[in-house]
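Observations on chain architecture
Read off the chains here:
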Amino acid sequence: MDDRSQIATGDDVPRPMEGLYLRDALKSLAMITAMADGLRYDLEPLSASDIADGMEPLSLEDVQGTLNEIARRITFFAMQELRATQDEWMRASDSIA
């Protein structure tokens, strides 16, 4: 079996996704990570030069909007890419609440 078809741990378990499907899934996850990283960066306190340049801290609505978009994208990924049913997704979500 080709090493590229194995998970990163080197186990003999085949990867659940390959090719274009894997590429698209990774791109979706990378976008979610970029949004989270961007939010973390945007929440850092503004410097004196930032304030002098007219920057303003994020509003509560800005933060909530980004968090809602992250949650929406994760749900979309679970249901579209992983083909989870709504019941499966709800059970998984409820199990951590």
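Everything in this summary refers to the structure shown in the same document. (Residues numbered from 1 in each chain as written. Predicted model: local features only at pLDDT ≥ 70, side-chain atom pairs only at ≥ 80, totals over all residues. Heavy atoms only, no water.)

1. Let's talk about the side chain of Glu81
- Here Glu81 is to be found in helix H3 (residues 60-81).
- Of the side chains with opposite charge, Arg83 lies nearest to the buried Glu81, which makes no salt bridge, at 6.0 Å.
- Those residues in contact with Glu81, other than ones at most four positions away along the chain, are Tyr21, Ala25 and Phe76. (Helix = DSSP H or I, 4+ residues; strand = E, 2+ residues; numbered from the N terminus. Buried < 20%, exposed > 50% of the residue type's maximum accessible area, 1.4 Å probe, protein only. Lys, Arg positive; Asp, Glu negative; His and termini not counted. Salt bridge = Lys/Arg side-chain N within 4 Å of Asp/Glu carboxyl O. Contact = heavy atoms within 4.5 Å.)

2. Considering a negative patch on the surface
- A contiguous patch of negative charge on the surface is contributed by Asp42, Glu44, Glu61 and Asp62.
- Note that Asp42 resides in helix H1 (residues 19-42). (Patch = residues over 30% accessible without salt bridge, like charges linked within 9 Å, V, L, I, M, F, W, Y side chains within 5 Å. Areas by Shrake-Rupley, 256 points an atom, 1.4 Å probe, with all protein chains shown as cover. Charge placed at Lys NZ, Arg CZ, Asp CG, Glu CD.)

3. Digging into H1
- End to end, H1 covers 34 Å across 24 residues, agreeing with the expected 34 Å (1.5 Å per residue, within 8%).
- Within H1 the residues assigned to the buried category are Leu22, Ala25, Ile32, Met35 and Leu39.
- In this structure, the buried side of H1 is in contact with H3. (Expected span 1.5 Å × (residues − 1).)

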